[in-house]
Amino acid sequence: MTIREPEFADLATPTGLMRTHLFRPQGDARHPGIVFYSEIFQVTAPIRRTAAFFAGHGFVVAVPEIYHEFEPAGTVLAYDTAGADRGNALKREKELSALDGDSRAALDFLAAHPACDGHFGALGICLGGHLSYRAAAVNADVKAAACFYGTDIHSGTLCRGGDDTIGRTGDIRAELLLVFGRQDPHIPLEGRKRLYDVLTEKGVSFTWHEFNAAHAFIRDEGVRYDPVLATQGQLLAVELFQRCLR
């Protein structure tokens, strides 16, 4: 389906206003809501195109700016060394409680939006893959989460002082989709094995996919982009959301 022009709203969070970009179908029908967590570079052009893809499949997609405490609203970090260094530094600086506050604010925004039908999912890429996993662990109203090569889950190294995300796995009641690239140095085999074992031990409902791909293979910019595998992964997420949220 066709979508509206993107909008944005500045949401109140415990750590200040968080600009959140909204992508949704045209028309007056109500649809499930998805909080889409970006990479460390915030709401870049590839992230916006991915959000539009999911909106075109019948979802109301909210994309928060994850570093709103540190950067002016609308800031996009470049896909270069300086941008990566800044994004990684802020990832380690952000407080874990602030991440959870951001998730709750985005979900509450969707719950109050007239285009949303009250069913919620989470979606994320890279850092966002971790945040979508965590959103499912700490928010009972998240019914499905698609996590694309989520970084730091296996190691507990997100945020200042680390994180307890893998330890919250037993709190997940959502169905998960986890997608990885085997050639991704950020989530090595040992880390993937640890995460798989914890999910299995805790009885989480999940689907696991590993592709022969590098980190960032879904991003439609740069030499690591694999359009065939990216499309396959995105359609797996569409199937998850359509089955669990409708």
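Residues numbered from 1 in each chain as written. Predicted model: local features only at pLDDT ≥ 70, side-chain atom pairs only at ≥ 80, totals over all residues. Heavy atoms only, no water.

Within the protein, the regular secondary structure consists of six helices and eight strands. The C-alpha radius of gyration computed for the protein amounts to 16 Å, which stays within 12% of the reference 18 Å derived for 246 residues, consistent with globular compactness. In terms of overall dimensions, the protein has C-alpha extents of about 45 × 35 × 35 Å along its principal axes. In the protein, which comprises 246 residues, the proportion classed as buried is 56%. (Helix = DSSP H or I, 4+ residues; strand = E, 2+ residues; numbered from the N terminus. Rg over C-alpha atoms; globule rule 2.2 N^0.38 Å. Buried < 20%, exposed > 50% of the residue type's maximum accessible area, 1.4 Å probe, protein only.)

On to the pattern of salt bridges. Evaluation of the coordinates by the stated rule reveals 19 salt bridges. Notably, a salt bridge pairs Arg160 with Glu93, separated by 2.4 Å at the nearest N-O pair. Of this pair, Arg160 sits in the loop between strand S6 (142–148) and strand S7 (175–181) while Glu93 sits in helix H2 (residues 81–93), and the two are 67 residues apart along the sequence. Here Asp102 ties to Lys94 by a salt bridge, and the two come within 2.5 Å at their closest N and O atoms. Judged by relative accessible area, Asp102 falls into the buried class, the value being 5%. (Salt bridge = Lys/Arg side-chain N within 4 Å of Asp/Glu carboxyl O.)

One ladder, built from seven bridges, connects strand S1 (residues 7–13) with strand S2 (residues 16–23); its direction is antiparallel. Within S2, the residue paired with Asp10 across the bridge is Arg19. Where S1 hands over to S2, the hairpin turn is made up of two residues, counted between the paired strands. (Pairing = 2+ DSSP bridges.)

Turning next to the confidence of the model for the protein. For the protein, per-residue confidence averages 98 on the pLDDT scale, and residues scoring 70 or more make up 100% of the total. Per-element confidence in the protein is highest for strand S4 (residues 60–64), whose mean pLDDT is 99, and lowest for H2, whose mean pLDDT is 97. (pLDDT = per-residue confidence, 0-100.)

A few words now on the nonpolar core. By size, the foremost hydrophobic cluster in this structure holds 81 residues, and its most contacted members are Val61, Tyr133, Phe148, Tyr149, Leu176, Leu195 and Phe241. When neighbours within four sequence positions are excluded, Tyr149 is seen to be in contact with Ile125, Cys126, Val179, Phe180, Asp184, Ile187, His215, Ala216, Phe217, Ile218 and Arg219. (Core = buried A, V, L, I, M, F, W, Y, C linked by side-chain atoms within 4.5 Å. Contact = heavy atoms within 4.5 Å.)

In this section: unusual backbone geometry. Trans is the prevailing form of peptide bonds, just as negative phi is the prevailing case for residues other than glycine. At Gln42, a position not held by glycine, the phi torsion is positive, near 70 degrees. Position of Gln42 among the secondary structure elements: in the loop between strand S3 (31–37) and helix H1 (45–56). Positive phi, normally seen in glycine, also occurs at Cys159, with a value near 75 degrees. Relative to the assigned elements, Cys159 resides in the loop between S6 and S7. With a relative accessible area of 5%, Cys159 lands in the buried category.

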